[in-house]
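Geometric and topological summary
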Amino acid sequence: MRDGTSETGAGQGPVRLDLEERSGGALVATLTVANPERLNILDSVVLEAFEERLAELQGSERLGVVVLQGGGARAFIGGADIRELARLDAGTARAFIAAVHRVCAGLRALPVPVIARISGYCLGAGLEVAASCDLRVATESSQFGMPEVQLGLPSVVEAALLPQLIGWGRTKELVYAGRSFPASEVATWGLVERVVPPRELDAAVEEWVSAILRAGPRAIRLQKELIRQWEALPLEAAIEAGIESFARAYETDEPRERTRQFLDRRNRR
C-alpha cells in the first residue's frame, strides 16, 4: 500500500482480486492467477473465477488501472491445463476455448488500461491473455511461446491479436515452430514494451500505474475505448471516431480544468 487503503475483494480463490485506493480515490486493481505450483495454468475452474473477477471490475467508476500477474515468480500463466485438454472432445473443446476467449475479451473490455506484469513462463493461452492486455512488462528471464501445435492443436482465439502486435512473419514463427523465445528477443518484435531485471519489475509497473493515474480519468477511458475502435476500423473511420471522442471529452469539465491548471503552472514559472 502506498497512499490510501488496500483490501482484498475476492478471498483466496484461484484468481485473487486486490483493490488499493490511491490519493484522489482512484482504485488500482491487482488480479492474480494464484496457482504457482502448477505455473498458474488455466483450467475451467480458473477461467470461471477469472470471468467473475472481471465482471466485478467492469462497473467500477473509481477504477483507474488494472495490473494482471501470476502467483510466484516462475510463471505469468503457463498455458491451458494439458490434463484437461487431454479429456476434451469436439463439443467440450468448443466450450473450453470459448471460456478462454471470454477472459481475453473481458480484459480488453475493461474501461481502463490493463498492465501485464510478466515473470517467468508466458505460454499458449497465457500469451493470448497477455496480448489482450494494454501494456506488457517482463523480467529478463521470462519465456514466451505458442506451443499448441506440438499438442496437435492450432493457436486460436486472441492469438488473432498477434499480427497487429508483431507482424505476420513473427506470428507465423510463433505458431508454426511452437518453441519458446526469451523476453529480450520478443521485445524487439514489439510483443512486450519493457524488459527489466526481476528486482525492477514492480517499479516498472508502478511507473506506468502512476502515469496513468496522473492523467485525466475520463480521458484515459475515452482513449482506451478509441484504441479498441482503431484496432477494428479502417483509417478514415478511425479518424472520424477520434473526432467524436475529442468532442465527447468536453461533455465534462475535465479538459477545461486540466488545461487551466497547465496554463496556471506555466504562468507561475
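1. A closer look at the packing of aromatic side chains
The geometry of an aromatic ring pair comes down to the distance between the two centres and the angle between the two planes. Taken as a whole and assessed by the stated rule, the structure comprises 2 aromatic pairs. Taking the centre distance of 4.9 Å and the plane angle of 65 degrees together, the rings of Phe181 and Trp189 count as edge-to-face. With a relative accessible area of 0%, Phe181 lands in the buried category. Under the relative-accessibility criterion, Trp189 is labelled buried at 9%. An angle of 55 degrees between the planes, with centres 5.8 Å apart, marks the rings of Phe246 and Tyr250 as tilted. Among the residues examined, Tyr250 registers a relative accessible area of 38% and is labelled partly exposed.

2. Description of the confidence of the model for the protein chain
A low pLDDT score tells you not to read the predicted coordinates there in detail. Here the protein chain averages 95 in pLDDT, while 96% of its residues score no lower than 70. No element of the protein chain has a lower mean pLDDT than strand β1 (residues 6–8), at 58, and none a higher one than strand β6 (residues 114–118), at 99.

3. Thoughts on the sheet that holds strand β10 (residues 180–182)
Pairing is mixed across the open sheet formed by 4 strands, whose spatial order is β5-β7-β9-β10. Of all the strands in the sheet, just β5 (75–77) and β10 have a single pairing partner and so form its edges. Strand-to-strand, the axes of this sheet are offset by a mean angle of 25 degrees, without reference to chain direction.

4. Observations concerning the pairing of β6
Burial analysis of β6 places 5 of its 5 residues in the buried class, which makes it a mostly covered element. Judged by which residues are buried, β6 turns out to be covered on both faces: Val114, Ala116 and Ile118 on one side and Ile115 and Arg117 on the other are all buried. Relative to strand β8 (residues 135–139), β6 runs parallel, the two sharing 4 bridges. What sits directly across from Ile115, in β8, is Leu135.

5. Examining a nonpolar patch on the surface
A contiguous nonpolar patch, built from Ile82, Leu151 and Leu153 and spanning about 260 Å² of accessible area, is present on the exposed surface. When you line up the elements, Ile82 lands in helix α2 (residues 82–85).

6. As for the pairing of strand β3 (residues 27–33)
Of all 7 residues making up β3, 6 are buried, and the element is well covered by its neighbours. Connecting strand β2 (residues 15–21) to the next strand, β3, in antiparallel fashion are 5 residues, including Gly24 with a positive phi near 90 degrees. Each parallel crossover has a hand, and for β3 linked through helix α1 (residues 44–58) to strand β4 (residues 63–70) it is right-handed.

About the thresholds
Residues numbered from 1 in each chain as written. Predicted model: local features only at pLDDT ≥ 70, side-chain atom pairs only at ≥ 80, totals over all residues. Heavy atoms only, no water. Phe/Tyr/Trp six-rings, centres within 6.5 Å; stacked < 30°, edge-to-face > 60°. Buried < 20%, exposed > 50% of the residue type's maximum accessible area, 1.4 Å probe, protein only. pLDDT = per-residue confidence, 0-100. Helix = DSSP H or I, 4+ residues; strand = E, 2+ residues; numbered from the N terminus. Pairing = 2+ DSSP bridges. Axes fitted to C-alpha atoms, helices over the stretch in contact; angles between N-to-C directions. Patch = residues over 30% accessible without salt bridge, like charges linked within 9 Å, V, L, I, M, F, W, Y side chains within 5 Å. Areas by Shrake-Rupley, 256 points an atom, 1.4 Å probe, with all protein chains shown as cover. Salt bridge = Lys/Arg side-chain N within 4 Å of Asp/Glu carboxyl O. Right-handed = clockwise from strand over helix to strand, strands pointing away.

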